[in-house]
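# Observations on the three-dimensional arrangement
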Amino acid sequence: QVQLVESGGGLVQAGGSLRLSCAASGRTFSRYAMGWFRQAPGKEREFVAGISWSGVTTYYSGSVKGRFTIARDNAKNTVYLQMNSLKPEDTAVYYCAAGGSTYTDTLGVPSSWGQGTQVTVSS
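A brief structural summary.

Formed by 28 residues in total, the largest nonpolar core has its most connected members in Met34, Trp36, Val79, Leu81, Met83 and Tyr94. Counting only elements with at least two residues in this core, the list comes to strand 3 (18-25), strand 4 (32-39), strand 5 (46-51), strand 7 (68-73), strand 8 (78-83), strand 9 (92-102) and strand 11 (117-122). Filtering out sequence-adjacent residues up to four positions away, Leu81 remains in contact with Leu18, Arg19, Leu20, Trp36, Val48, Ala49, Phe68, Thr69, Ile70 and Tyr94.

Bringing the state of the cysteines into the picture now. Within the structure shown, the criterion is met by one disulfide. Between the sulfur of Cys22 and that of Cys96 lies a disulfide, 2.1 Å long from S to S. Measuring handedness by torsion sign, the sulfur bridge of Cys22 and Cys96 sits at about -80° and is left-handed. Note that Cys22 is positioned in strand 3 and Cys96 in strand 9, a separation of 74 residues in sequence. Both residues of the pair, Cys22 and Cys96, count as buried.

Attention now moves to the pairing of strand 7. Residues Phe68, Ile70 and Arg72 of strand 7 are buried on one face, while the alternating residues Thr69, Ala71 and Asp73, pointing to the opposite face, are not. Summarising the sheet, strand 7 and strand 8 pair through six bridges and their orientation is antiparallel. Pairing of Ile70 across the sheet is with Leu81, part of strand 8.

The residue Ser112 is located in strand 10 (residues 112-113) in this model. Within polar-contact distance, the side chain of Ser112 engages the backbone oxygen of Val2 at 2.9 Å. The residues touching Ser112, leaving out its near neighbours within four places in the chain, are Gln1, Val2, Leu4, Cys96, Ala97 and Ala98.

Okay, the pattern of salt bridges next. Following the criterion strictly, the structure yields three salt bridges and no others. Here Arg67 and Asp90 are joined by a salt bridge, their closest N and O atoms 2.8 Å apart. With a gap of 23 residues between them, Arg67 in the loop between strand 6 (58-60) and strand 7 and Asp90 in the loop between strand 8 and strand 9 connect regions that are remote in the sequence. Note on accessibility: Arg67 and Asp90 belong to one class, buried. One network of salt bridges, with partners in common, ties together Arg38, Glu46, Arg67 and Asp90.

What counts, and at which threshold
- Residues numbered from 1 in each chain as written.
- Predicted model: local features only at pLDDT ≥ 70, side-chain atom pairs only at ≥ 80, totals over all residues.
- Heavy atoms only, no water.
- Core = buried A, V, L, I, M, F, W, Y, C linked by side-chain atoms within 4.5 Å.
- Buried < 20%, exposed > 50% of the residue type's maximum accessible area, 1.4 Å probe, protein only.
- Helix = DSSP H or I, 4+ residues; strand = E, 2+ residues; numbered from the N terminus.
- Contact = heavy atoms within 4.5 Å.
- Disulfide = S-S within 2.5 Å.
- Pairing = 2+ DSSP bridges.
- Polar contact = N/O pair within 3.5 Å; in protein donor to acceptor, adjacent residues only side chain to side chain.
- Salt bridge = Lys/Arg side-chain N within 4 Å of Asp/Glu carboxyl O.

Below, the structure written as structure tokens:
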């Protein structure tokens, strides 16, 4: 099982940028699709962005498409989420997740979750 640790959250003004990182342990990181989810207070956890095991395919929720970019560096066992043009409604705890099966483009039911990192966007 892949162990995941997020970092890079913080407080930023609307219109600003942040880059989240998710460091994975284990030699099998490169075999899994990876993704980012978020959960705002009082709301359900929602999908934000995903990337295939190869890094070739990326996909986004409609609310972040064009503003957020997901990327991975398999040599560093790390997946990133670059967040630009941040809005107050992006405020949430952001979670990294690993896909449920190896060598897939999509996450399916995630097999591992990180502990989350808080992102707060002030207006």
